[in-house]
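# What the coordinates show
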Amino acid sequence: MTQKTPLAHVFAHYDDNIPYAFSEQFLATPERDYDVILEGKMHKIWHRPRWFRPLFWLLGKIGILVPQAGENIATTLAVIPGYFQDGAAYHEWNRTFAFAEPIQFNTAVVYDETYHNIADRVGPKHILHMVWDGKFTPPNTFTLDTITNAFHWHDKIIYMPGWLWKVLLGRVKFKQQAHVDEDDVVDVDLRILHPIFGEVFGYTGTFRTVRYPKKGGVS
């Protein structure tokens with residue numbers, strides 16, 4: 001499937017009935033003459049139980065998730081679109097969390113050809129390949145729910161059995177809603193649900209979509 005952005009299929013049938021903030025972020029292409037950054041704050045980032053802290057620290061060190069909890073954390077998300085050598089589209093979503101020591105958390109968003117949906121790649125050399133069921137529900141809601149997880153290694157995707165990824169990683173539920181009165185502003189809510197421990201990680205935040213003059217080529 002050839003498309004200009006890895007999320008194009010989610011919005012393909014809605015034409016102009018897409019919130020401005022969604023179009024700016026999810027449908028970004030390298031051909032645009034401007035860059036897009038979401039600017040705002042995380043109202044709360046949390047994880048539990050407490051004895052999971054060493055695990056979250058480790059996952060943070062290898063770029064799997066945000067290891068630190070806090071409230072009212074200024075945050076930005078830079079959207080960097082590009083194409084692989086084979087022409088497939090990708091996005092880089094590069095986040096900066098303004099803790100006392102700023103934390104970077106970057107993901108690559110790609111199109112998964114097996115499940116015909118969205119996937120995030122995180123970790124060293126983007127080794128973890130997380131496949132989502134991405135949906136747009138008019139007029140203003142975008143959601144992601146875990147379909148499966150895989151390892152990405154040397155252009156190969158090795159899918160995990162369901163019993164394994166559910167225990168190792170849990171199931172992610174993400175919701176992003178554009179404000180009705182300010183459709184350049186969005187609220188985000190993410191939860192990770194573990195089959196044994198329940199909700200173990202989450203964040204909520206509010207962001208405004210801002211255009212900036214293009215800096216140059218995509219790395």
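You'll find the structure just up there.
Quick look at the structure, then. All figures in this text were calculated on a predicted structure; none of them were measured in a lab.

Rules of the game
The written sequence of each chain sets the order in which its residues are numbered from 1. With pLDDT at 70 or above as the cut-off, local features in this predicted model cover only qualifying residues; side-chain atom pairs require 80 or more to be listed or tallied, and sums for whole chains, interfaces and linings still use all residues. The side-chain values count all of the structure's non-hydrogen atoms but skip hydrogen atoms and water molecules. Ring pairs shown here join Phe, Tyr and Trp side chains whose ring centres sit within 6.5 Å, with only the six-membered ring taken for Trp; geometry is labelled stacked below 30 degrees between planes, edge-to-face above 60, and tilted in between. A helix here means a DSSP run of H or I that spans at least four residues, while a strand means a run of E at least two residues long, and both kinds are numbered starting from the N terminus. Only protein chains enter the area calculation, which uses a 1.4 Å probe; residues under 20% of their type maximum are buried, those over 50% are exposed, and those in between are partly exposed. We define a nonpolar core as any set of buried Ala, Val, Leu, Ile, Met, Phe, Trp, Tyr and Cys residues linked to one another through side-chain atoms lying within 4.5 Å. Contacts are assigned to residue pairs that have any heavy atoms within 4.5 Å of one another. Put plainly, a pocket is an open set of points on a 1 Å grid over the protein atoms alone with protein on both sides within 12 Å along at least five of seven lines, a cavity is a set where a 1.4 Å probe fits but cannot get out, and a lining residue has an atom within 4 Å of a point. Grid points are joined across faces, edges and corners, and a volume is the space filled by probe spheres set on the points. Charge assignment: positive for Lys and Arg, negative for Asp and Glu; neither His nor the chain ends contribute. Criterion for a salt bridge: a side-chain nitrogen of Lys or Arg within 4 Å of a carboxyl oxygen of Asp or Glu. Definition of a polar contact: a pair of N or O atoms within 3.5 Å, with one able to donate and the other able to accept a hydrogen when the atoms are protein atoms, and with sequence-neighbouring residues admitted only if both atoms are side-chain atoms.

### Some words on the packing of aromatic side chains
Across all of its chains, the model carries 18 aromatic pairs by this definition. Here the aromatic rings of F11 and F136 are separated by 5.3 Å at their centres, their planes lie at 45 degrees, and the arrangement is tilted. Of the two residues, F11 sits in the segment before α1 (20–26) while F136 sits in strand β6 (residues 128–137), which places them 125 residues apart along the sequence. For the pair formed by F11 and F136, the shared burial category is buried. An angle of 65 degrees between the planes, with centres 5.3 Å apart, marks the rings of Y115 and Y159 as edge-to-face. One end of the pair, Y115, is in the loop between β4 (103–112) and β5 (117–122); the other, Y159, is in strand β8 (residues 156–159), with 44 residues separating them in the sequence.

### Here's the deal with the nonpolar core
Counting residues in hydrophobic clusters, the biggest one holds 49 residues, and the most contacted among them are F22, F97, F142 and F201. Take this core: its biggest share by element is five residues, from strand β1 (residues 34–47). Discounting chain neighbours no more than four positions away, the residues touching F201 are I45, W46, H47, F56, V66, L190, R191 and I192.

### Focus: empty space enclosed by the protein
Counting across every chain of the model gives one cavity of 30 Å³ or more. Reported here for the largest cavity is a volume of approximately 40 Å³. Forming the walls of the largest cavity are A28, T29, R32, Y34, D35, V36, V79, P81 and K214. Taken together, the elements giving at least two residues each to the lining of the largest cavity come down to β1 and β2 (70–83). Counting residues per element, the lining of the largest cavity draws most heavily on β1, which supplies three residues.

### Structural notes on the environment of E31
As for its position among the elements, E31 is in the loop between α1 and β1. C-alpha separation for the pair E31 and V180, spaced 149 residues apart in sequence, amounts to 28 Å. E31 has contacts with K4 and Y83, leaving out every residue within four places of it along the chain.

### What to know about the side chain of R32
Mapped onto the secondary structure, R32 falls in the loop between α1 and β1. There is no salt bridge for the buried R32, and the closest opposite charge comes from E24, which lies 4.1 Å off by N-O distance. Within the structure, the side chain of R32 is placed 2.8 Å from the backbone oxygen of S23, a separation counted as a polar contact. There is a polar contact of 2.8 Å between the side chain of R32 and the backbone oxygen of E24. Other than its neighbours up to four places away in sequence, R32 contacts S23, E24, L27 and K214.

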